[in-house]
Structures are given as C-alpha cells and as structure tokens.
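What follows is the residue order along each chain.
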Amino acid sequence: MASLSFSSAVSSSTPFLRPSAFLLRPRSTRLPLVRAKIREIFMPALSSTMTEGKIVSWVKSEGDVLSKGEAVVVVESDKADMDVETFYDGILAAIVVNEGETAPVGAAIGILAETEGEIAEAKAKAAAQSSSAPAAPPPEVEKPAPVAPKAEAPAPVAAASPATPGKVVATPFAKKLAKQHKVDISELVGTGPFGRVTPEDVEKAAGITPAPKANVVVAAAPAALAASPPKAPASYPDIPGSKIVPFTTMQAAVSRNMLESLAVPTFRVGYPIATDALDALYKKVKSKGVTMTALLAKAAAMALVQHPVVNATCKDGKSFTYNSNVNIAVAVAMDDGLITPVLQDADKLDLYLLSKKWKELVEKARAKQLQPQEYNSGTFTLSNLGMFGVDRFDAILPPGQGAIMAVGASKPTVVADKEGFFTVKNQMLVNVTADHRIIYGADLAAFLQTFTKIVQNPESLTM
Amino acid sequence: MHSAISLSLSSPSPITRSSAASSTAPRSLRFCGLRREAFGAGASPDASSLRLARFNSRSQHFNLNGVLAALKGNGAPSSGGFDYDLVIIGAGVGGHGAALHAVEKGLKTAIIEGDVVGGTCVNRGCVPSKALLAVSGRMRELQNEQHMKSFGLQVAAAGYDRQKVADHANNLASKIRGNLTNSMKALGVDILTGFGTILGPQKLKFGKGDSGDKIITAKDIIVATGSVPLVPKGIEVDGKTVITSDHALKLEFVPQWIAIVGSGYIGLEFSDVYTALGSEVTFVEALDQIMPGFDPEIGKLAQRVLVNPRKIDSYTGVFASKITPAKDGKPVQIELIDAKTKEPKETLEVDAALIATGRAPFTKGLGLENINVQTQRGFVPVDERMRVIDANGKLVPHLYCIGDANGKMMLAHAASAQGISVVEQVTGNDHVLNHLSIPAACFTHPEISMVGLTEPQAREKAEKEGFEVSIAKTSFKANTKALAENEGEGMAKLIYRPDNGEILGVHIFGLHAADLIHEASNAIAMGTRIQDIKFAVHAHPTLSEVLDELFKSAKVKLSASKTVAEPVPV
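Keep in mind the model is a prediction, meaning the values are calculated, not measured.

(A) Spatial organisation of the interface of chain A and chain B. Taken residue by residue, the interface counts 28 residues in chain A and 31 residues in chain B. Approximately 2200 Å² of surface area, both sides summed, lies buried where chain A meets chain B, with 50% of it carried by carbon and sulfur atoms. The largest per-residue losses of area from chain A upon contact with chain B belong to P172(A), K176(A) and F194(A), which jointly make up 25% of the total buried on that side. Linking chain A to chain B there are two salt bridges. D313(B) is paired through a salt bridge with K175(A); the nearest N and O atoms lie 3.0 Å apart. Considering each element in turn, the side of chain A that touches chain B owes the most residues, five residues, to helix 4 (residues 172-181) of chain A. Here the side of chain A that touches chain B is composed, by residue class, of 14 nonpolar, four polar and ten charged.

See the structure below:
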C-alpha cells in the first residue's frame, strides 16, 4: 500500500534507472533559486529485476551532515539488504520514505540540502512530496533543524533524549513514535506512571487515534490513508445554502473502493454485438423466469472459463491470482447506493438455476440481508445500464477484480455487411475495463470475441 | 571416511597421546574434535589432511565397555582402593554428561550436588527460558496481524495468562530435572547430597558442612560447580523490581517498562520475551554497540529485525553504576556513567531492571586452597585438557574442572563435551576438545546461531598465519520452506579458507537457526571440507537447504588436493 502513495510522485518525475548505487539528481530547473542545491535521494535499482525497494533503516537521521561515500540508508531489494551511499556532500534535510516503507525504483526517498539555510526549503519540498507523512506540522519548519557537527557519530538515542533540566521521561516506544511523527517530546505532558510520556501521549500529540496494533509501521499506513481524503474538500469554495449529508456505510464503502481503484492502471476495450439471436432466445425463456441479467451473466461466465486471465486478480502488483471459481458480480442500484450481489459459479449453474439464484439475491439485497460472501466474492463484474437507454458507458474497476463489463442498450442499428449491403440489426455496445497489469489488450479482445460468439449463437446458454 | 575405516581395521591399538600419534600414526588418522593445524601453528595443506577421529578408537572399546558395564554395573571401583573411580562435584548438565559417559566407560561414579540436580541450565537457565520463548514466539506471531493475514488467517486479539506462562516454564524445568535424575539413577550413578569440598589429592568430603560430613576418596575428581548470575557492585538486587535471570524466569510480574543491563544473548532473549508480553525495553550496554560478541554483520541484521522495529531503545557505552529498586512510591532508578570517562551521564527511571551482565563462577568453598589452587576472578585455571593448574603453574594430578567454573566457554553443552573429554582421558584415550566446533545459539525470534570464528576473528588469524579468508552468504529469502512459513528474513554466512576448503565459522540468523547450525558444527568437528560437504544431499523443501546453498556457493580453489574421479589409463 505504501508504495501506491508514491506512484504519483514517480509518474511526475519520470524515473530513470541507473543500474548502480545511488541516484541523486538535481531538482528540476523550473525553480531556479534552488537549482542543484537541493537534491532528491532516489530509490536505487540494486538489481536488474528490482522494481521497488523497502527502506530497512536510515543510517543517518534528519539533520545529519553527509559526506560523499558515506552509507546513508539500507535498502532491501528482492535479493538482499544493501547499504547505499551518497555521491554528494550535504545535509540530510528530510526523510520522505520512512523505515519499513516501500518505494518504487527512482522515487525520491529523501532530500539532501547543500547548506543549512536550505533545510527548511527542502523540508517543504519533502512535505509536498510525501503523502505518507500527513502528521508533519508546517510550523515545525520555522525552526531550523539542529545540525549535528561532522565529527559526531549519529546516535539516535542520544538525540532523542536531551539531558534537559526539566527532565522528561519517555518510554522507548514513545520515543520511537515521536521520532516517526516528528513530535517534540519535551513539549508533552506525560500521563503515564511517574509522569512519563507514553506512546499514547505521543499519538495524541500527533493527532492519531491510538491503533491497538503492535506493529508501528502498519499502524502508520492506514492513518495516512484516512488523513488524505479530508484534504481535498478544503480547496472547494463554499456555496451558500448547501447542505452536507454524511455518507451511509454503503456509500462510504463505495467511496473507499472508488478511491482505491485509482491505484490500478486500467484500460478499456469496446465491442459491438448483434443481439437479434439473444433477444429471440430471451423471448422464449422469459416465461420460465429467466432474466436478461442471468443470460448475460451466463454468457460472460462461459467466456471467462475460456479466458481465465480475465477472471484473474492482481493482488500485490507482482503476480497473477487465478481464481478457481467464476463468480459474476452484478451491480444493483439501490436507493442509497450500489451493491454487487454475486452469482457464484455462474459457469456451472444452468440458466434456470442462475435466474432463480439471482431473484433471491436481489430480494436479499433489497432487504439488506446479503451476507458478505454474497457481495464480495466476485471475480468479474457485470454492469448493465442498457435498460435505462444508455447506449455506452465506462465502468470503474472494483478493487480485487481483473475486469468489469459495462453493457449498453440493445438498439436497432444500421449495419453494413461484407458485401456492402445495409441491414438493420439489434446491436449493443459492450465496454470492458481491465487491470492492465495482468490483462492485456489482446486478452480482452479475445475474450470479447468469445463472448460475442456466445451471445450471437445463444443456444449454448440453455444447455 | 574411507581412510578412517581402513585405520580401524589395520591398527587395532588404541591411540594414546596425540603428540606421539602425530609422529607415528598413518596420515589418515582422525581424532574427533581435535583442532587441526589451521588453528595451531605452521599450517600446510599436507599436514592438514591428518584428521582425527575418535569414532574408530571409540568403536573398538565400545563392545568391551558395554559388556563391562553390564557385568559390573556401577559396582566396584576398578583400581587402587578408592571409594570411586570418578567423583563429580556438581550435577549440572556438565556433571551429568560426564557421569553418563563414565558409566558407559565402566567407571564407578558418584556425583555430589548441594542444590538441585540439573544446575543452572535446567533450573534457572536455558530450559525454563526456552519455555518462555516458546510462548513469546507464539504471541509475536499471533499479534502480527499482517503475518496472519498473509496466511489468510484471522485471529482476534491475543492475550496471555501470566501465571500459566510461568507455570509452563516451571513445569518444564521439573520435568527435565526428573529426566536427568532418572537417567543417572538408572545407570547406577551414586547421587550424594551436600556440598563437596576437596580435602587433598584424590580426597574430598560432602555434606552440609557440619560434623555429619562424609569423607570419600576417588581416583579422579571433576569440579563442575557452574556459575551464578554476575551482579556488578552498586546494584541492589531485591528480587522484585531489580532482578537477575534467576528471578525473571519465574515471571512473577511483567513490568510495563524494563531496563535490561547487558545486551548479550541472555539480555536479548529476555527482550524477546518481555516485548512479546507487552513490555517496553531499554538496553544498557557498556560496549559501544548492542549485541557485542556476535559476528558484526549478523549483529547488524539482528538489530534491524530484533531491536529496531520493537519497543526497544538502548544506551551504549555506559555502565549502570548504581541501581536502586523501586520503593517509597519511586520507580527503579538507574544511574548511568560513561564507560570510558566514568562521568555521570543520566538517570533512568523504569519499572524494573534485569541484570544480564554475565555469569560469575561458583567456586567458593570448594577447598581449592587445600591443593594450592588459586582461582582467577573466581575461575579455576585449567589447561586445554581441563586439568587443573595450581598456583605454581603445575598440573594437579587427577583433578579436572569443566563447565562455567573454568570459564572457557560458558555453555551447557560445552560443559558436557568437556566432561566427556575428561572421561575419555581418565580411561586412557587422549582427547582434546575443539572449542571452535561447539555451536552456540540465541533463541530469539528468529534465532541466531554460530560456530567457530567471527569474520573479524578469522581475518585477524588469517593475517597472523598468512592465509586467505573468503565469505559466502545465502539468504532465507530464497528458501522455499522459509517463504512458505512467511519467514524469509534471515541470512547464513560462511567464513572459510578458499585454499583448502576449511570451514572457519558459520553464522546463521533466521527461522530455526539454532537447529540448522549443527551441520556446520559437525563438519568443523569432523574436519569435513566444503568441497566434500557440498555433495551431501538435503531434503527439499527444508530450511537445511539454506546451508546446502551456502556450501555450494563457496568457491574453493582446489589445486592441491585433487581426487581422481574416474579411473584413467596412464
């Protein structure tokens, strides 16, 4: 997750991958004042297969003076941990990617300032870049960070506990948290035994609701996510007379999923499909309780069986997860939102059972009685706005799935055949959105061809 | 191996003195565990093929001894009108190992114990601490939501019952103590209760130190009295808020914040236990870095995994000059002074302090003055055969000292190995234990283990003796079994001589490292070279493949000892 938050930073700065140690590149020349003075420290490519790296530990702390050739940070690649050294002298002004977090190769992980005077500026730069450090309060930038004299070895412990007269006692974990969230412990009032500063005190000061988790790194990531959305509304102008209605749980879930979907590189492929045969079949089986949704779900499921990659999921950005079941989620609009009941094993059930199952699911959805596995186990989603007369649209890929199909209305359309003869046929436009990390254009095209063949020769659907 | 077998067939006479043997014996002679020349002086690839194996000499005696033991049991002393052939003072793991081996060798054996059978290891050391670490390992796993999720497991908040955890440790200790006692009783070792005191050569008394003491004689005596936690002066141990490992293992309370003075393996293991149970830990270390004594690279990695992400901080280069237990509504106070300048630095206020600064030999009241032996900082001086040296630098005949009391290597299994070595000597087989083949382990999560030299030690030695040192490393990240367990964190490191393939040291940090080290320690003990061991097969997929890969990745330049693989017409 942490790596995702950096994706924006990367795409804007076009990483170039040098095979060896440490990338330090002068900042873009758009700001001439700081040219070549403030440098970004980049995630190095430690091996040819490395695409991202985890910061194992920062050997240096913020404010430390670095000299050329000194080890600054330890990076874990897919193969080993390596000490990474700097090519420039300077002061480590800011750490952008904290210990335990991951960043793609080429992303800025820290900021190096040439002189003390530039530290504040570098910090501002870091704050702008780092979406993962929302807790860093801007007022702190006013005070220049203490710069350790060159001879002094960086001892994190000593730095964290200054021997001040009005002695402040903080527990080890509290100190760690304070360092991480840039909280000045000496300004806190401890609530622990003997007036000591506890981890909870630091979290409160940093504006974090205490997470029950022991794992510091993990606790920090959700906090960052939770903190980022509220930032956006602040920039909107207030229009008088507007009313604020908070999201329902379902709406909040939709919002969360939609935001999450932004992290997935998607693309879309459309296809026109003649539906005369399907319409004819539908007329025949309608009386037996079969719905168009069931027909489409069945057709999609049968096509997915032949194209398992379209039914797959990319969970970690590194691998394909091939799902053994074909579970078709179908978007259902509700009064206050949207839910996607799932037709499990849609490829295995026959059309009539599928229709029956669908009816049950819709009823349950209306009564808000769907069990989690009945709406979150989908491997492929179907969304049909055709009944509203929509002729084409574009769906957002739900997290955890590889593809979603948007089905438009079937309309009489003038089509020309190979010989150039015009006819009028019923045709619908189908548009599939897919995760390009695992599903490529040709995969989708082949899948749509199969789907079209099934829809245009729908006899197999009833078998 | 081949040559070793031919030896036992061709030369039936038992090996007596290694000095004699090395001049006359065939070159294929093997003595188990005797350090070869790489660690002695004047190395040459040729001489190094003189390998030692007790294997053979032992197998010759084995049948005979089995018969003897069966006939005599632990019945009559074999010679010279002594009450016993062998009397061991102290029934810890060292004394126990020696006693069992002595009976196997047909010696009439007694063991004197003034406290409880099992000594430190079983009652106040390795054994109960493993019980606590077993708990901490599981707690750690259950609390790590990320780890559980990656398995697809859902676990609700894990908790523990302190008393039951403590009971588990205590029950384990009594069970092992029972096993130890029974194993000695079954073999007929006389267990004599009381404190043993040496009265003179081959003569000692045991009892409570009053008129009821009994005097016995023995052909040979082994001192195996072990050690107690070392408490530096200025530290007031009250057993409640300022404690040693003896108290900590009872787990009478789990403080919110505990300072651990000393960051060696005892301190490190306790930090693992306490942080898993929810405490925050502060290390106080006199040296410049925590975890001294480990190979620096392993120590660095261990610090990244075992210290940095946990609720632990540390003060290095400082002594705890004064520690006052919590009282009168005040927390525990620890006064720190700079280790070099001795200037006061600061005072820590914590809920508890654990003193893990090491162990001091327990040798008082042994009657060493009766035979003119002076202890050095409490340790009994011995030579490489564990023979006690008196104040004039002369060997005291028939008196040996093993285990923590001699301070050579303060590990339970080292004591036992020393005891067995002594029994070998008193039954006529010269034997020198190779301490560099004794593995050591720290049972944190994940574990750390090592055998032989660290990299700096090996480099220093290489510098002195003029050979080359190479390093090979493998990662647990590439091991299938480790990945299946979601425990890819870790590395194994091999320090070796590229010229002859000798293993100088192996260090492992990772899942089950303590169990993995023995392939390396056995190889060192047997003198197996990398070029030979690399052909050994390891089951797939197992963690042992980490070592397999380690040996295979070593680059031995084998120009000297080429073997003819196939018959070649010449």
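Now that the structure is up, let's keep going.
(B) Summary view of the sheet that holds strand 13 (residues 332-338) of chain B. Residues and elements named next belong to chain B. Taken together, the three strands give an open sheet; going across it, the order is 12-13-14, and neighbouring strands pair in antiparallel fashion. Whereas interior strands pair on both sides, the edge strands pair on one side only; in this sheet they are strand 12 (318-324) and strand 14 (344-350). Averaged over all adjacent pairs, the angle separating strand axes in this sheet is 25°, with direction ignored. Pairing geometry for strand 12 and strand 13, over six bridges, is antiparallel. Across the sheet, V318 pairs through a bridge with D338, a residue of strand 13.

(C) Seen up close, helix 18 (residues 545-553) of chain B. Along helix 18 of chain B, the residues that are buried comprise E545(B), V546(B), L547(B), D548(B), L550(B) and F551(B). The inward-facing, buried residues of helix 18 of chain B contact strand 21 (470-475), strand 22 (491-496), strand 23 (503-510), helix 15 (513-516), helix 16 (518-526) and helix 17 (530-533) of chain B.

(D) Region of interest: the environment of R256(A). Among the structural elements, R256(A) can be located in helix 7 (residues 249-261). Taking the C-alpha atoms as reference points, R256(A) and P399(A), separated by 143 residues in sequence, lie 9.8 Å from one another.

(E) Summary view of the packing of aromatic side chains. All told, the structure shown has four aromatic pairs over all chains when counted by the stated rule. Aromatic side chains F447(A) and F451(A) sit 6.3 Å apart centroid to centroid with 25° between the ring planes, which places their arrangement in the stacked category. Placement of the pair is F447(A) and F451(A) together in helix 12 (residues 441-456), with a separation of four residues, close to one helical turn. On the basis of relative accessible area, F447(A) is assigned to the buried category, the value being 0%. Overall, the relative accessible area of 0% leaves F451(A) in the buried class. Among the aromatic residues, those joined into a cluster by ring pairs are F380(A), F447(A) and F451(A). The positively charged end of R39(A) is found above the aromatic ring belonging to Y88(A), 3.8 Å away from the centroid. Above the plane of the ring of F467(B) lies R497(B), whose end atom (NZ or CZ) is 4.1 Å from the centre.

(F) Fine view of helix 10 (residues 265-276) of chain B. Residues and elements named next belong to chain B. In this model helix 10 runs 17 Å from its N-terminal to its C-terminal C-alpha over twelve residues, within 8% of the 16 Å that 1.5 Å per residue would give. For helix 10, the tally of buried residues reaches eleven of twelve residues, placing the bulk of the element in the interior. By the burial criterion, the buried members of helix 10 are I266, G267, L268, E269, F270, S271, D272, V273, Y274, T275 and A276. One or two residues past the end of helix 10 sits G278, with phi positive at roughly 105°.

(G) Inspection of the packing of helix 9 (residues 292-306) of chain A against helix 12 of chain A at higher detail. All names here are of chain A. It is the contact of helix 9 with helix 12, at a shortest axis distance of 9 Å, that shows an interaxial angle of 135°. The pairing of helix 9 with helix 12 is recorded here as oblique in orientation. Judged by the twist between their axes, the crossing of helix 9 over helix 12 is right-handed. From helix 9, L296, A299, A300, M302, A303, L304 and Q306 reach across to helix 12, where they touch F447, T450, F451, I454 and V455. Here the residues of the contact of helix 9 with helix 12 sort into ten nonpolar, two polar and no charged.

(H) Quick look at the UniProt feature "binding site: FAD" (unreviewed entry) in chain B. Residue and element names in this part refer to chain B. According to UniProt, the "binding site: FAD" (unreviewed entry) feature falls on K130, G196, T225, G226, S227, D404, M410, L411, A412 and H413. Checked against the element boundaries, S227 lands in strand 7 (residues 227-229). Look at S227 and you get buried, because its relative accessible area is 4%. Apart from residues lying up to four places away in sequence, S227 is in contact with T120, R359, A360, P361, F362, D404 and M410.

(I) Up close: the pattern of salt bridges. All names here are of chain B. If you walk through the whole model with that rule in mind, you get 35 salt bridges over all chains. Across the pair K473 and E297 runs a salt bridge, and its minimum N-O distance is 2.4 Å. In this pair, K473 sits in strand 21 while E297 sits in helix 11 (residues 296-307), placing the two residues 176 residues apart along the sequence. Here E297 falls in the partly exposed class, since its relative accessible area comes to 27%.

(J) Geometry of the confidence of the model for chain A. Residues and elements named next belong to chain A. Averaged over all residues, the pLDDT of chain A is 76; the fraction at 70 or higher stands at 76%. In the model of chain A, helix 3 (residues 156-160) stands out as the element of lowest mean pLDDT, 35, in contrast to strand 16 (residues 403-407), which has the highest, 94. Here residues 1-35 is modelled with pLDDT under 50, and outside its nearest four sequence neighbours on either side it reaches 62 contacts, counting other chains as well. Residue range residues 131-165 is modelled with pLDDT below 50. Its contacts to residues more than four positions away, or to other chains, number 37 contacts.

Cut-offs used in this document
Here the residue index of a chain counts from 1 through its sequence in written order. As a convention, the first chain written is A and the first ligand written is 1, with the rest following in written order. Under the rules for a predicted model, residues below a pLDDT of 70 receive no local features and side-chain atom pairs below 80 are neither given nor counted, while totals for whole chains, interfaces and linings still include all residues. As a convention, hydrogens and water are excluded, and side-chain values are obtained from all of the structure's heavy atoms. Contact criterion: two residues are considered in contact whenever any of their non-hydrogen atoms come within 4.5 Å of each other. A simple way to read buried area is as the amount of 1.4 Å-probe accessible surface that goes missing from two parts once joined, with both sides added. The salt bridge criterion pairs a side-chain nitrogen of Lys or Arg with a carboxyl oxygen of Asp or Glu, the two atoms within 4 Å. Helix and strand definitions here come from DSSP, where helices need a minimum of 4 consecutive H or I residues and strands a minimum of 2 consecutive E residues; each element is numbered from the N-terminal end. Residues are grouped as follows: nonpolar covers Ala, Val, Leu, Ile, Met, Phe, Trp, Tyr, Cys and Pro; charged covers Asp, Glu, Lys and Arg; every other residue, Gly included, is treated as polar. Strand pairing is defined by DSSP finding a minimum of two bridges between the two strands. Between N-to-C directions, angles cover 0 to 180 degrees, with each direction set by a line fitted to C-alpha atoms, over the stretch in contact for helices. Note on exposure labels: buried denotes an accessible area under 20% of the residue type's maximum, exposed denotes more than 50%, and partly exposed covers the range between, all computed with a 1.4 Å probe on protein chains only. Each pair of aromatic rings taken from Phe, Tyr and Trp, with Trp reduced to its six-membered ring, is defined by centres within 6.5 Å and is described as stacked if the planes are under 30 degrees apart, edge-to-face if over 60, and tilted in the remaining cases. Ring-over charges, as used throughout, are those where CZ of Arg or NZ of Lys falls within 6 Å of the ring centre and within 35 degrees of the ring normal. For a helix, the expected span equals 1.5 Å multiplied by the residue count minus one. The cut-offs work like this: below 35 degrees is roughly parallel, past 145 is roughly antiparallel, 65 to 115 is roughly perpendicular, and the gaps in between are oblique. For any pair of crossing helices, the crossing counts as left-handed if the nearer helix is rotated counterclockwise from the farther one by less than a right angle, and right-handed if it is rotated clockwise. UniProt positions are given in the numbering used here, feature names are shortened, and annotations may be inferred rather than shown by experiment. Confidence of the prediction at every residue is given by pLDDT, a number between 0 and 100.

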